[in-house]
Amino acid sequence: MANAKSTNALSIEGINKVFGRPGKPTVEALRNIDLTIKEGEFVSIVGASGSGKSTLLRIIDGLLPATSGVVKVSGAPVTKPGSDRAMVFQQDALLPWKSVRDNVAYGLVIGGTPKRDAHATAMRFIEMAGLKGFEHHYPHQLSGGMRQRVNVARALAVNPRILLLDEPFAALDAQTREIMQSELLNIWQKSKTTVLLITHQIDEAVYLSDRVVVFSARPGQVREEIPIPLPRPRDLEVKRHEAFGALVDKIWHLIEHEVRSAVADNRA
Ligand SMILES: Nc1ncnc2c1ncn2[C@@H]1O[C@H](COP(=O)(O)OP(=O)(O)OP(=O)(O)O)[C@@H](O)[C@H]1O
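Residues numbered from 1 in each chain as written. Predicted model: local features only at pLDDT ≥ 70, side-chain atom pairs only at ≥ 80, totals over all residues.

Some points on the UniProt feature "domain: ABC transporter" (unreviewed entry) in the protein
Stage number 1. Those residues carrying the UniProt feature "domain: ABC transporter" (unreviewed entry) are residues 10-242 in this numbering.
Stage number 2. Summarising residues 10-242: 32% helix, 25% strand, and an end-to-end C-alpha distance of 32 Å. (UniProt positions renumbered as here; feature names shortened; annotations may be inferred. Helix = DSSP H or I, 4+ residues; strand = E, 2+ residues; numbered from the N terminus.)

Considering the sheet that holds strand E2 (residues 27-37)
Stage number 1. Across the sheet, 4 strands lie side by side as E2-E1-E4-E5; this open sheet has antiparallel pairing. The sheet is open, and its two edges are formed by E2 and strand E5 (76-77), each paired on a single side.
Stage number 2. Relative to strand E4 (residues 68-73), strand E1 (residues 10-19) runs antiparallel, the two being bridged by 5 bridges. Residue Glu-13 lies in a different strand from E4, and its bridge partner there is Val-70.
Stage number 3. Along the sheet, helix H1 (residues 53-61) contacts E1, E2 and E4; its crossing angle with E1, the most-contacted strand, is approximately 120°. (Pairing = 2+ DSSP bridges. Contact = placed C-beta atoms within 7 Å. Axes fitted to C-alpha atoms, helices over the stretch in contact; angles between N-to-C directions.)

As for the sheet that holds strand E8 (residues 194-198)
Stage number 1. The 6 strands are arranged E6-E7-E8-E3-E9-E10 in an open sheet whose pairing can be described as mixed. The open sheet has two free edges, formed respectively by strand E6 (85-88) and strand E10 (222-227), since each of these has just one partner strand. Neighbour-to-neighbour, the strand axes of this sheet turn through a mean angle of 20°, independent of strand direction.
Stage number 2. Bridge analysis of E6 against strand E7 (residues 162-166) gives 4 bridges, and the strand direction is parallel. Looking across to E7, one finds that Val-88 is bridged to Leu-165.
Stage number 3. Here H1 sits on the sheet in contact with strand E3 (42-46), E6, E7, E8 and strand E9 (211-215), set at roughly 150° to E7.

Describing the packing of helix H2 (residues 100-110) against helix H4 (residues 144-157)
Stage number 1. Look at H2 against H4: their axes get within 7 Å of each other, and the N-to-C directions meet at 30°. Considered as vectors, H2 and H4 are oriented roughly parallel to each other. Between H2 and H4 the crossing geometry is right-handed. For the pair H2 and H4, the contacting residues are Val-100, Asn-103, Val-104, Ala-105, Tyr-106, Gly-107 and Leu-108 in the first and Val-150, Ala-153, Arg-154 and Ala-157 in the second.
Stage number 2. Residue composition of the contact of H2 with H4, grouped by class: 8 nonpolar, 2 polar and 1 charged. (Parallel < 35°, antiparallel > 145°, perpendicular 65-115°, else oblique. Left-handed = near helix turned anticlockwise from the far one by under 90°. Nonpolar A, V, L, I, M, F, W, Y, C, P; charged D, E, K, R; others polar.)

With respect to the packing of H2 against helix H3 (residues 115-128)
Packed helices, taken two at a time, are described by the angle their axes make and the gap between the axes.
Stage number 1. Viewed as axis vectors pointing N to C, H2 and H3 meet at an angle of 120°, and their least axial separation amounts to 8 Å. Considered as vectors, H2 and H3 are oriented oblique to each other. Relative to H3, the crossing made by H2 is right-handed. Seen from H2, the contacting residues are Val-100, Arg-101, Val-104, Ala-105, Leu-108 and Val-109; seen from H3, they are Lys-115, Ala-118, His-119, Thr-121, Ala-122, Met-123, Phe-125 and Ile-126.
Stage number 2. Counted by class, the contact of H2 with H3 contains 10 nonpolar, 2 polar and 2 charged residues.

Below is the structure:
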């Protein structure tokens, strides 16, 4: 029997995805994706627009079936969404009529946790996300960055095995995004959750990750996996180090050609 410690948190085995639409040509979005993520690891995927990154995340979350291949969470095949995975999107998905505390507690309450316990857990994650004092505020009273912090706290409160982040900071201004990156690292270090992040920002991927997976242009394939050996804990200062710049350059050179052709395709 496999030792629980040696089981990967996430294992993506031979995933292919072809979209078929009646009367239209099929779109091959993903080809033969093999990827494993260890318990507690932080991995990012970067790649040109349209290379299938969001499609892969939706397959992992169980929102979309793969054409072939299998996704396993802690060794168990994924067939539908489940509480072992939590997803955070670019746009926050908060309920506007509920307070910060009730938004963070929501997943627990609908999962059957008694309200008192759910609120206590929510408060722990609100504090972890640096939102203490805002628990009784409503989403419209918060900045975009704070709403995304609530979103991350809400995703973590249900204690998922894997946190899936689909460009969570893309809608934020550059300065807020940087602050959010360092806050996400703090939260991750405390929660020890396994994270898979999709981003267009190479510096974001390098700053946050243990490993960056570079996708080819469509159909998305794993072009290369780049380990990020920068020491932890990392503060934003690390972005000014030579080793950081060298990693960003290396990844950019791997995808430059594909990003340029994706831009040209979109213009055509
Ligand atoms: N439901 C669908 N039906 C048909 N084609 C789809 C569908 N969803 C995605 N696609 C196509 O699959 C390809 C991959 O899309 P996807 O959104 O996964 O790429 P992405 O790498 O996340 O792009 P971006 O970085 O721009 O968000 C694209 O060509 C897209 O048009």
